[in-house]
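Descriptive analysis of the structure
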Amino acid sequence: MTFADILRKYIGREIEVYLPNNGLLEGVLFSVGDESFTLQVRNGSYPDPIAPVTVFFFNVEGIRVLNIAV
């Protein structure tokens, strides 16, 4: 099982992505490819527009799933 396989289980959930140099992205996991994934990220405190952001796996230091379905 690869990192991409594990991450695909969380499509549609809100996640935090920890990036190098204390970078942080928070958004809804939209899709997962073999080398990257896409988040739908809100523009600051405004509800719209939602922007897609592609993150490559080699830039990820950690991921935290914020809302786990029960």
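Summarised in this report is the structure supplied together with it.

Criteria and cut-off values
Residues numbered from 1 in each chain as written. Predicted model: local features only at pLDDT ≥ 70, side-chain atom pairs only at ≥ 80, totals over all residues. Heavy atoms only, no water. Phe/Tyr/Trp six-rings, centres within 6.5 Å; stacked < 30°, edge-to-face > 60°. Helix = DSSP H or I, 4+ residues; strand = E, 2+ residues; numbered from the N terminus. Buried < 20%, exposed > 50% of the residue type's maximum accessible area, 1.4 Å probe, protein only. Salt bridge = Lys/Arg side-chain N within 4 Å of Asp/Glu carboxyl O. Contact = heavy atoms within 4.5 Å.

Scanning the entire structure with this criterion turns up three aromatic pairs. A centroid spacing of 5.0 Å and a plane angle of 85 degrees characterise the contact between F3 and F57, whose relative ring orientation is edge-to-face. Taken as a pair, F3 in helix α1 (residues 3-8) and F57 in the loop between β4 (50-56) and β5 (62-65) lie far apart in primary sequence, 54 residues in all. For F57, a relative accessible area of 17% corresponds to the buried category. Three or more aromatic residues joined by ring pairs form one cluster here, namely F3, F37 and F57.

So, on to the pattern of salt bridges. Taken as a whole, this structure holds three salt bridges when the rule is applied. Note that R8 and D5 form a salt bridge whose closest N and O atoms lie 2.9 Å from each other. On the criterion of helical spacing, the pair formed by R8 and D5 is a turn pair, its members being three residues apart in helix α1.

In this fold, I63 is placed in strand β5. As a C-alpha pair, I63 and L7 span 56 residues in sequence and 9.2 Å in three-dimensional space. Discounting chain neighbours no more than four positions away, the residues touching I63 are F3, L7, I15, E16, V17, Y18 and F37.

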